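Report on the structure
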Amino acid sequence: MSDILHQLAEVLDQRRHADPESSYVASLHSKGLNKILEKVGEEATETILAAKDAESGVERERQAVVAETADLWFHSLVMLSHLGIDSQDVLDELARRFGISGLDEKAARTTK
Ligand SMILES: N=c1c2ncn([C@@H]3O[C@H](COP(=O)(O)OP(=O)(O)OP(=O)(O)O)[C@@H](O)[C@H]3O)c2ncn1[C@@H]1O[C@H](COP(=O)(O)O)[C@@H](O)[C@H]1O
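The structure displayed is predicted, hence computed values, not measured ones.

Looking at the packing of helix H1 (residues 3–14) against helix H4 (residues 59–83)
Interaxial distance between H1 and H4 falls to 10 Å at its minimum, and their mutual angle equals 50°. Compared by their axis directions, H1 and H4 come out oblique. Crossing of H1 against H4: the hand is right-handed. Touching Leu-5, Leu-8, Leu-12 and Asp-13 of H1 are Phe-74, Leu-77, Val-78 and Ser-81, all from H4. For the contact of H1 with H4, the per-class residue count stands at six nonpolar, one polar and one charged.

The following block contains the structure:
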């Protein structure tokens, strides 16, 4: 796992039992799954809108996509942590798929 993802995942797990008054992540955990899913949905929408604006090629708009995608990944990691799912499992799944063409995988699925 990339160092920063690994370190962040560890912090997010530690925050599950931290004080919601002093930690944003702890406040999300304490509000529960619905609030976390609301944030994931919100950040996904903001990422889509930023990506549409970035089609212009303007550097500021491209940086906004980076920031919004970071928000989306971050809140997705909080969701995994809240559910007790190891984010390494997601990276392992991507590694498992690596090199398998999406078109081949889909074709194999439909002929089963
Ligand atoms: N990477 C992040 C990170 N990215 C985004 N955010 C926060 O995510 C929030 C979401 O952005 P919004 O604009 O939607 O915020 P908002 O409108 O205040 O949110 P709502 O009131 O609508 O819920 C902001 O408060 C950001 O500061 C993050 N907060 C924390 N981290 C990491 O998590 C660690 C633990 O954070 P704490 O739990 O706060 O100590 C930090 O050290 C960082 O490494």
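Here we look at the environment of Leu-49
Considering the arrangement of structural elements, one finds Leu-49 in helix H3 (residues 33–54). Owing to a relative accessible area of 53%, Leu-49 belongs among the exposed residues under this scheme. Separated by 24 residues in sequence, Leu-49 and Val-25 place their C-alpha atoms 25 Å apart.

Comments concerning H3
Compared with an ideal rise of 1.5 Å per residue, which puts 22 residues at 32 Å, H3 spans 31 Å between its outermost C-alpha atoms and is within 8% of the ideal. The complete set of buried residues in H3 reads Ile-36, Lys-39, Val-40, Glu-43, Thr-47, Ala-50 and Ala-54. Around the axis of H3, the buried residues are gathered within 100° of arc, so they sit on the same side. What points out from H3, more than 90 degrees from its buried face, is the exposed set Asn-34, Ile-48, Leu-49 and Lys-52.

Some words on the site of the ligand
Surveying the vicinity of the ligand reveals 13 residues, the closest of which are Arg-15, Ser-23, Tyr-24, Val-25 and Lys-39. Between an oxygen atom of the ligand and a side-chain N or O atom of Arg-15, the distance comes to 3.0 Å. Contact distances for the ligand include 2.8 Å between an oxygen atom and a backbone N or O atom of Tyr-24. Out of a free accessible area of 860 Å², the ligand has 51% covered by protein chains. Broken down by secondary-structure element, the contributors of at least two residues to the shell around the ligand are H1, helix H2 (24–31), H3 and H4. In terms of residue count, the dominant contributor to the shell around the ligand is H3 (four residues).

Regarding the packing of aromatic side chains
Here a ring pair, both rings aromatic, is described through the centre-centre distance and the interplanar angle of the planes. For the coordinates displayed, the defined rule picks out one aromatic pair. Ring centres 6.3 Å apart and planes at 25° place the aromatic pair Tyr-24 and Phe-74 in the stacked group. Remark: Phe-74 occurs in helix H4 and Tyr-24 occurs in helix H2; sequence separation between them is 50 residues. In this structure Tyr-24 comes out as partly exposed when scored by relative accessible area, which is 42%.

A short note on the pattern of salt bridges
Evaluated as defined, the whole model comprises eight salt bridges. The residue Arg-62 makes a salt bridge to Glu-59 at a minimum N-O spacing of 3.7 Å. Within this pair, Arg-62 and its partner Glu-59 are both found in helix H4, separated by three residues, close to a single helical turn. Residue Arg-62 is classed as partly exposed on the basis of its relative accessible area of 45%. Notably, a salt bridge pairs Arg-97 with Glu-93, separated by 3.0 Å at the nearest N-O pair. Taken together, the residues Arg-97 and Glu-93, both in helix H5 (residues 87–97) and four residues apart, mark about one turn of the helix.

Cut-offs used in this document
Residues numbered from 1 in each chain as written. Predicted model: local features only at pLDDT ≥ 70, side-chain atom pairs only at ≥ 80, totals over all residues. Heavy atoms only, no water. Axes fitted to C-alpha atoms, helices over the stretch in contact; angles between N-to-C directions. Helix = DSSP H or I, 4+ residues; strand = E, 2+ residues; numbered from the N terminus. Parallel < 35°, antiparallel > 145°, perpendicular 65-115°, else oblique. Left-handed = near helix turned anticlockwise from the far one by under 90°. Contact = heavy atoms within 4.5 Å. Nonpolar A, V, L, I, M, F, W, Y, C, P; charged D, E, K, R; others polar. Buried < 20%, exposed > 50% of the residue type's maximum accessible area, 1.4 Å probe, protein only. Expected span 1.5 Å × (residues − 1). Arc of directions from axis to C-beta. Near = heavy atom within 4 Å. Polar contact = N/O pair within 3.5 Å; in protein donor to acceptor, adjacent residues only side chain to side chain. Areas by Shrake-Rupley, 256 points an atom, 1.4 Å probe, with all protein chains shown as cover. Phe/Tyr/Trp six-rings, centres within 6.5 Å; stacked < 30°, edge-to-face > 60°. Salt bridge = Lys/Arg side-chain N within 4 Å of Asp/Glu carboxyl O.

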